[in-house]
Amino acid sequence: MYQRHGAMLDALKKLGVDPEALDKAADEALRTGRSVRAVLINDRVVTEDQLTQASAESTGIPFVDLVGYPIEPQAVQKIPMAMVLRHRVLGLSLTDDEIVVGITDPDDILALDDVRAATGLFVRPVVVARTELRKIIDRLKREVNDLGDVAETEATETVVVNDLAANDEDAPVVRYVNSLLEQAIQNRVSDLHLEPGEHEMRVRYRIDGVLHEIDTVPKNVQSALISRLKIMSNVDITERRVPQNGRITVQLGNRAVDLRTATMPTVWGEKVVLRVLDTGGMDLDLKTLGFTDTNYERFSKSFVKPHGMLLVTGPTGSGKSTTLYATLAKINKPTVNIITVEDPVEFRLPGINQVQVDHKAGMTFAAVLPAILRSDPDVVLIGEIRDRVTAQLAVEASLTGHLVLSTLHTNDAPGAITRLTEMGIEPFLVGSSVDCVLAQRLARRLCDWCKSEREPTEAELEGCRWPYDLIGAPGLLHVPVGCRSCSNTGYRGRIALHEVMPMSAEIEHLTIKHASSNEIGRVAAEQGMHSLRVDGLLKAQEGHTSVAEVMRVAV
């Protein structure tokens, strides 16, 4: 017994595991007939990571971390499911004459021989962690195979839809959807995309602002899968010609998580995107959202005033809503009446009156705002200024003693001023009403477990136009490496980059003169405003993110 596992036990000793405990485990395995691996894990002599690392080192077979690994569906399907479940092996990648197979016990020759016989290919094993392999086999691939089985046995699509409408919790489609949603919430996913193609449906998660493909679904179950999501979202499952919007509430443990659903017809079927609105993972402390001390001071002066307009600008997914909600949480108190009008209400906040826009019922921003202003508000949040009527009402509200918070889609802070004037708002009203504009982007935060320091090259500093005059020399900068904690991406979580532009007398004068956003930006910079790029490079200098990531989101 010891000779068979001697190399692995020696490798474990090199990892610092108690030699006496290892010898006792080997003797216990010999006495009881259990495998050495089972004894080591069950008796907690070693961790699973130690055992996996030792197995790889003792056999000379490379170790592969399945977290974030790009598994090829064709390789998975190449091995019969019965064999996958029996031997706990998984196809990872495939070429014309070779298949890479993940296995927890590289000494399991029988399993490798069976895979070789079943596929007719040369088998190249890699060592993988047992827990991660079990998750993939049990939670993902098993569900997809079940979906295929159901689609082949059902007579028509209508029968499948009726089963779903009956809420059969044992239906494979239901289990697969529940698995997708649960995994998305646990993995901090912001958006879940189900995208139909000619031959299959692709499933992708957006994590920290970047899309990752995580699965493919057989074409013959595409309609059933979409119908299930539409039923959960309470939208018309028979309507496939026009986009639809809905909402799903998922109970995960002790908390409820909302998901906003949007469907869109494409040439290969309906695409579905679910935005995860998880208030449980939402940080409503402004100081932890990435503000530098200077920017926080400049920004905070705007929302402590009793009136005026505070605008947050940036593209979709740049964290505007989170910043506004955190601002509301900062000023929310029993003596303040806060009313919001949103499309849709993304997060429900206690102590705040939130109104949902409903275009079918005529509840538009322009229709709701006058009613809100008659409800004695101190603070009004408008989800987005999209047109001239809404902009005019927001300006008038800020000039009549209300603090107004809203968002605009512009590339930078100075662009918000010109955008309002282009909407038809008189420049002198814009100059009088706007108190501060905050532009922001989200950059991925470097993983604290694996980030590495290195000296930047001159070419890198020239490429990012390092602002020596504003933040000094860079010194050592951090770069992403990749580890298990961050799914080998080098990043975990995100940090906001800010550009804060208070409305000064000079900028108000330029606004009245119809000055360009470039002219306004130049004066704002002279008055101390750091651009998004400069703020990002400052955070790269502090080790929060990388220069490459800053240049990706804030050129």
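Residues numbered from 1 in each chain as written. Predicted model: local features only at pLDDT ≥ 70, side-chain atom pairs only at ≥ 80, totals over all residues. Heavy atoms only, no water.

- The name an unreviewed UniProt entry assigns to the protein is Bacterial type II secretion system protein E domain-containing protein, from the organism Virgisporangium aliadipatigenens.
- Its UniProt record gives the protein a comment under Sequence similarities (unreviewed entry), which states: "Belongs to the GSP E family." (UniProt positions renumbered as here; feature names shortened; annotations may be inferred.)

1. With respect to the overall build of the protein
- Counting secondary structure elements, the protein contains 23 helices and 18 strands.
- Residues classed as buried in the protein amount to 51% of the 555 residues present.
- For the protein, the share of sequence-separated contacts (at least 6 apart) that also reach a separation of at least 24 residues comes to 63%.
- Split by element, the accessible area of the protein, about 25800 Å² in all, is 50% carbon and sulfur. (Helix = DSSP H or I, 4+ residues; strand = E, 2+ residues; numbered from the N terminus. Buried < 20%, exposed > 50% of the residue type's maximum accessible area, 1.4 Å probe, protein only. Contact = heavy atoms within 4.5 Å. Areas by Shrake-Rupley, 256 points an atom, 1.4 Å probe, with all protein chains shown as cover.)

2. Side note on unusual backbone geometry
- Residue Arg-88 is not a glycine yet carries a positive backbone phi of 55°.
- By secondary structure assignment, the location of Arg-88 is in the loop between helix 6 (81-87) and strand 1 (89-94).
- Assessed through its relative accessible area of 30%, Arg-88 is described here as partly exposed.
- Not every positive phi belongs to a glycine, and His-514 is a case in point at roughly 60°.
- Structurally, the position occupied by His-514 is in the loop between helix 20 (505-512) and helix 21 (517-526).

3. What about the sheet that holds strand 4 (residues 189-196)?
- A sheet is described by the order of its strands in space; here 6 strands give the open sequence 6-5-4-9-8-7, paired in antiparallel fashion. With partners counted over all chains shown, the strands left at the sheet margins are strand 6 (210-218) and strand 7 (244-252), one partner each. Here the strands of the sheet are splayed against their neighbours by 20° on average, with no regard to which way each runs.
- In the sheet, strand 7 pairs with strand 8 (residues 255-266) via 9 bridges, with the strands oriented antiparallel. Within strand 8, the position partnered with Asn-245 by the bridge is Ala-262.
- Here helix 11 (residues 222-232) sits on the sheet and contacts strand 4, strand 5 (200-207), strand 6, strand 7, strand 8 and strand 9 (269-277); the angle it forms with strand 9, its principal contact strand, is near 40°. (Pairing = 2+ DSSP bridges. Axes fitted to C-alpha atoms, helices over the stretch in contact; angles between N-to-C directions.)

4. Overview of the packing of aromatic side chains
- For the structure shown, the criterion picks out 3 aromatic pairs.
- When the centroid spacing of 6.1 Å and the interplanar angle of 70° are considered together, the rings of Phe-291 and Tyr-296 count as edge-to-face.
- For the ring pair Phe-299 and Phe-303, a centre distance of 5.5 Å and an interplane angle of 65° mean the geometry is edge-to-face. With Phe-299 and Phe-303 both in helix 12 (residues 293-303) and 4 residues apart, the pair spans about one turn of that helix.
- The class of Phe-299 is buried, set by a relative accessible area of 0%.
- Each member of the aromatic cluster is reached from another via a ring pair, and the members are Phe-291, Tyr-296, Phe-299 and Phe-303.
- Taking the ring centre of Tyr-491 as reference, the NZ or CZ of Arg-444 above it sits at 4.2 Å. (Phe/Tyr/Trp six-rings, centres within 6.5 Å; stacked < 30°, edge-to-face > 60°. Lys NZ or Arg CZ within 6 Å of the ring centre and 35° of its normal.)

5. A closer look at the UniProt feature "domain: Bacterial type II secretion system protein E" (unreviewed entry) in the protein
- When the UniProt feature table is mapped onto this chain numbering, "domain: Bacterial type II secretion system protein E" (unreviewed entry) sits at residues 373-387.
- The span residues 373-387 is 7% helical and 27% strand by assignment, and the distance between its end C-alpha atoms comes to 18 Å.

6. Here we look at the environment of Arg-388
- Here Arg-388 is to be found in helix 15 (residues 388-399).
- Using a relative accessible area of 44% as the deciding quantity, one classes Arg-388 as partly exposed.
- When the C-alpha positions of Arg-388 and Ala-366 are compared, they lie 9.4 Å apart, and in sequence the two are 22 residues distant.
- Among residues more than four places away in sequence, those in contact with Arg-388 are Met-423, Gly-424 and Ile-425.

7. Considering the side chain of Thr-418
- In this fold, Thr-418 is placed in helix 16 (residues 414-422).
- On the basis of relative accessibility, which here comes to 16%, the residue Thr-418 falls in the buried class.

8. Comments concerning the nonpolar core
- Ranked by internal contacts, the top residues of the largest apolar core, which has 45 residues, are Met-309, Leu-311, Leu-420, Val-434 and Met-501.
- The residues contacting Leu-420, other than those within four sequence positions of it, are Met-309, Leu-311, Ala-391, Leu-408, Ile-425, Val-430 and Val-434.
- Formed by 28 residues, the second largest nonpolar core is a distinct cluster that contains Leu-180, Tyr-205, Val-221 and Ile-248. (Core = buried A, V, L, I, M, F, W, Y, C linked by side-chain atoms within 4.5 Å.)

9. Section: the sheet that holds strand 2 (residues 98-103)
- The 3 strands lie next to each other as 1-2-3, forming an open sheet whose pairing is mixed. At either margin of the open sheet sits one strand with a lone partner, and together these are strand 1 and strand 3 (122-127). Mean inter-strand twist for the sheet, computed between neighbouring axes without regard to direction, equals 35°.
- Of the pairings in the sheet, the one linking strand 1 to strand 2 comprises 5 bridges and is antiparallel in character. Pairing of Leu-94 across the sheet is with Ile-99, part of strand 2.

10. Quick notes on the pattern of salt bridges
- Following the criterion strictly, the structure yields 20 salt bridges and no others.
- The shortest N-O distance in the salt bridge between Glu-98 and Arg-124 comes to 3.2 Å. Residue Glu-98 is located in strand 2, and its partner Arg-124 is located in strand 3; the two are separated by 26 residues in the primary sequence.
- A salt bridge links Asp-191 to Arg-275; the nearest nitrogen and oxygen atoms lie 2.6 Å apart. Here Asp-191, found in strand 4, pairs with Arg-275, found in strand 9; they are 84 residues apart in sequence, far enough to count as distant. Neither Asp-191 nor Arg-275 differs from the other in exposure class; each is buried.
- Salt bridges sharing partners connect three or more residues here, namely Glu-195, Arg-202, Arg-204, Glu-213 and Lys-271. (Salt bridge = Lys/Arg side-chain N within 4 Å of Asp/Glu carboxyl O.)

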